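Structural features, examined
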Amino acid sequence: MLKLENVSKFYYNKGIIASGFTKVNLELKMGEFVAITGESGSGKSTLLNVISGLDSYEEGEMYVNGKETSHYSEKDFEDYRRKYIANIFQSFNLINSYTVYQNVELVLLLNGYKKKDVKKKILDIIDKVGLTKFKNTKVSKLSGGQKQRVAIARAIVKETPIIVADEPTGNLDSESATEVIEILKKVAKDRLVIVVTHNIEQIEQYATRIIKMHDGRIIQNTEIKTIENEPQIVESKYNNISTANKYRLGARNTFNIASKFLLLFAVFFFISAAVLTEYGSFQMSEKKSRYGYSIAFRDLSENRILINKKDRSYFTQEEYEKIKELSNVDYIIEDDIFIDGGIAIARNEISFYGNMLGLENLRGNVDIGRLPENDDEIVLRVRKDHFYIKNRLNEILNKTFSIQKSQGINAWTNESVKDITIVGIQTYGDEDDTVISSDCKFYVSKNILNELRSQMNKNYSSMEILLNNKYQQYTVEPNSNVKKGNAIVDDEFKYQFKDYKIKNKPLKIYLSNIYYSETLNLKISNTYTKSNFRALTGKNKYENNRYKIYINTSDYNKMFNKPSYQSSVYVKDEEEIDGTILELENMGINAKKVIDFRVDESGEYEQIIKIIKVVVTIILIIVLFFISYLIIRIILKSRNIYYTTLRMLGATFKNVRKILSIELFINSSISYITLLLFIYCVKNGVINLSYIAKISEFLGAKEYVLMYIVLILISKLISMKFAKKLFKNTAINTYNEEV
Ligand code: ADP
Ligand code: MG
């Protein structure tokens, strides 16, 4: 069966050559029970490792079943080991966290057997070594003798022709040792069993051959009993481990050491939590900085599209209907001025700021009160946590407020334009934090909207006066004493003309706002001085009103009382907004996202901050990955023995990589699912963590999936590196380093 001719084994260690054994000649048959003895360091283990293909040899020839092995590659030896060899070690080399049954089963699974096919066989063998009572006990709970019996069961279950045992009784008391030797002897009947021991008395009576080694040489080789009929050599059959069993082992390994599971769980949990938080808060600061920077547009919602017609004419109702038919269109607000024009309402010291919208734009029901029934009634939509809303409902509901006269954009006087009554209140949660936070909405009738339209337009308009071919800026005021088409100006204006003649000269007013522009052609009918001011304008206080231009009231109102030709379309899905814009453009409409009009006030500075933020975020994420990678490597270091054992039992590089990556995959998935559940609970208020809740608003399915993919990739990368490192060394070296 086995024949060694002048075989030598050398160790090369940092330039020094040491001899393991020298010029060994040996022939062993099936059915033999060989005892190898000798003092420590005489080369017994080295010889055994060479015989079992765990270690290479440098000189001579070893024949297996008549075949030369000196030219064998690592792969050939792997194949040889799987067909012929089962090892038993002094330190048992079992998986402590597996049960007796699982330890025996492991070698079969690794060699491609089906789980359900081997049950009976395993139970038979466990019975043979007398451990039936302990079959579901974890190996860590067994005594030394019991452990070695498990190792024997594992060695014989694969039915290899050769069993090698290196000091199998070295760690056992004499009673257990005898038991173990007896079991081995029984097994030896139709196999070749080679046992190394330095306690020859224990084994003498059973052995068929005794070999004595000294200083790397065989000094005695005594055949005690000759084997007459050498039993047939039956190569052990093996296959690659099935995918199902790889998953089975991966899953088993995930949970069998609780502390390792929890450590990995924590690492995966915190790395995903940290990366998602970092990314989410980055997104949040990005989005926040995009709000509040536009003076022209009060509502900078991501789902708002500004539309107008190329010829600046007003939209017809049919056109609005057509736009509403687009699938992503949620609703249209026809008059943009009411979205962007702010108004303030006040009563005593309570005031609300916001914008007015037609009642038809109110969505959902009011929380308190009712819907308006006449033109003076309104619904107030306000944040739940608005300063004035808390505990002060009785001062607000059904109370009359006055709409404040405006003094330009977002500035109000104490004068009242109109009185209205709040008959209903709708509140909304604080989740829209990124939208201008204290803004309210006032839902009013069409009539109030029309009444207030000119005030709005005025707030948003600028006027330039063309006088004597020069553009100038003066305040224009309506005055009922002035005739239509005329303008009355300060007498001082005449000095702009060479001849000081100003009467009947033309004066043009250019009015423009973001919604429309308008030109008013007037004629200067008169000039005012201190003495005629009152007679001409009907007003007192000449000193306060100098340099103003007075025009006819209805001329004045006509300039402002115009609906805006610009409307807004709100889409349902802001991710699809570009598609909707394209559809609108195909209809011949100018369409633009409102967020494109954000003014980045801080300009370059903001850009630099953004770049720094991106870089810092990326560095943080890389550092996080690196740290967790190291931690996982450290945790895995404790798994070296396990995977070395797998390797000695027949697992290939690919098997080890796959089984480990399955284990890490399951562990990280559980961790990640837990994190997602946690986020879900935070989002739904089950767990009260407002900062996390806010950040999670900025994380979508895309981010969650991406993070998961990254976790899977980390698992794969780590298992790859781990397996590479494990297989860089010979199995026996890794094993010796660890034990
Ligand atoms: P035994 O098992 O009989 O105690 P070994 O086979 O372990 O002896 O060792 C035989 C000789 O080989 C010893 O001199 C030992 O120092 C040497 N040896 C064993 N393993 C190595 C190794 N990995 N590197 C260098 N020398 C080694
Ligand atoms: Mg030894």
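Description of the structure in this document. Worth saying up front: this structure is predicted, and the values here are computed from it rather than measured.

Summarising the element assignment, K654 is placed in helix α18 (residues 653-683). Judged by its relative accessible area of 56%, K654 is exposed. Put simply, K654 and A723 are 69 residues apart on the chain and 7.9 Å apart in space, counted from C-alpha to C-alpha.

Moving on: the sheet that holds strand β7 (residues 162-166). What the 6 strands build is an open sheet, ordered β6-β7-β8-β3-β9-β10; its pairing is mixed. Two strands lie at the open edges of the sheet, namely β6 (85-88) and β10 (217-223), each paired on one side alone. Geometrically, the sheet is characterised by an average inter-axis angle of 15 degrees between neighbouring strands, direction not taken into account. In terms of strand pairing, β6 meets β7 through 4 bridges, oriented parallel. In the strand pairing of β7, A86 is matched with I163. The strands that helix α5 (residues 144-157) touches are β6 and β7; relative to β6, the one it contacts most, it runs at about 175 degrees.

With that out of the way, let us pick up the pairing of strand β18 (residues 412-428). Of the strand pairs in this sheet, strand β15 (residues 368-369) and β18 are connected by 2 bridges, and their pairing is antiparallel. Each residue of the ladder has a partner; that of G369, found in β18, is G424. Pairing analysis gives 7 bridges linking strand β16 (residues 377-383) to β18, with the strands arranged parallel. Its bridge partner lying in β18, R381 is registered against Q426. Bridge count between strand β17 (residues 400-406) and β18: 6 bridges; the pairing is antiparallel. For S402, the partnering residue across the bridge sits in β18 and is D419.

So, about the sheet that holds strand β25 (residues 517-528). Strand order in the open sheet formed by 7 strands is β21-β20-β24-β25-β23-β26-β22, with mixed pairing between adjacent strands. Only two strands of the sheet have a single partner each, and these edge strands are β21 (470-472) and β22 (476-479). Strand-to-strand twist of the sheet, defined as the mean angle between neighbouring strand axes without regard to direction, takes the value 35 degrees. Where β22 lies against strand β26 (residues 549-552), 4 bridges are found, and the strand directions are parallel. Among the inter-strand pairings, V476 is bridged to a residue of β26, identified as I549. Of the strands in this sheet, β20 (462-467), β22, β24 (506-512), β25 and β26 touch helix α14 (residues 553-560), which is tilted by about 90 degrees from β26.

A few words now on a nonpolar patch on the surface. Residues I611, V615, I619, V623, I627 and I631 make up a contiguous nonpolar surface patch of roughly 490 Å² in combined accessible area. By the secondary structure assignment, I611 is in helix α16 (residues 603-637). Given the relative accessible area of 53%, I611 is considered exposed.

In the vicinity of ligand 1, the contacting residues are Y11, N13, S19, G20, E39, S40, G41, S42, G43, K44, S45 and T46. Within the backbone of S42, a nitrogen or oxygen atom sits 3.2 Å from an oxygen atom of ligand 1. G43 places a polar main-chain atom, nitrogen or oxygen, 3.1 Å from an oxygen atom of ligand 1. Its free accessible area being 560 Å², ligand 1 has 64% of it covered by the protein chains. Going through the elements one at a time, β1 (2-13), β2 (16-28) and α1 (44-51) are the ones with two or more residues in the shell around ligand 1. Broken down by element, the shell around ligand 1 gets its largest block of residues, 3 residues, from α1. Looking at the shell around ligand 1, its residues break down into 1 nonpolar, 9 polar and 2 charged.

Definitions and limits used
- Residues numbered from 1 in each chain as written.
- Chains lettered and ligands numbered in written order.
- Predicted model: local features only at pLDDT ≥ 70, side-chain atom pairs only at ≥ 80, totals over all residues.
- Heavy atoms only, no water.
- Helix = DSSP H or I, 4+ residues; strand = E, 2+ residues; numbered from the N terminus.
- Buried < 20%, exposed > 50% of the residue type's maximum accessible area, 1.4 Å probe, protein only.
- Pairing = 2+ DSSP bridges.
- Axes fitted to C-alpha atoms, helices over the stretch in contact; angles between N-to-C directions.
- Contact = heavy atoms within 4.5 Å.
- Patch = residues over 30% accessible without salt bridge, like charges linked within 9 Å, V, L, I, M, F, W, Y side chains within 5 Å.
- Areas by Shrake-Rupley, 256 points an atom, 1.4 Å probe, with all protein chains shown as cover.
- Salt bridge = Lys/Arg side-chain N within 4 Å of Asp/Glu carboxyl O.
- Near = heavy atom within 4 Å.
- Polar contact = N/O pair within 3.5 Å; in protein donor to acceptor, adjacent residues only side chain to side chain.
- Nonpolar A, V, L, I, M, F, W, Y, C, P; charged D, E, K, R; others polar.

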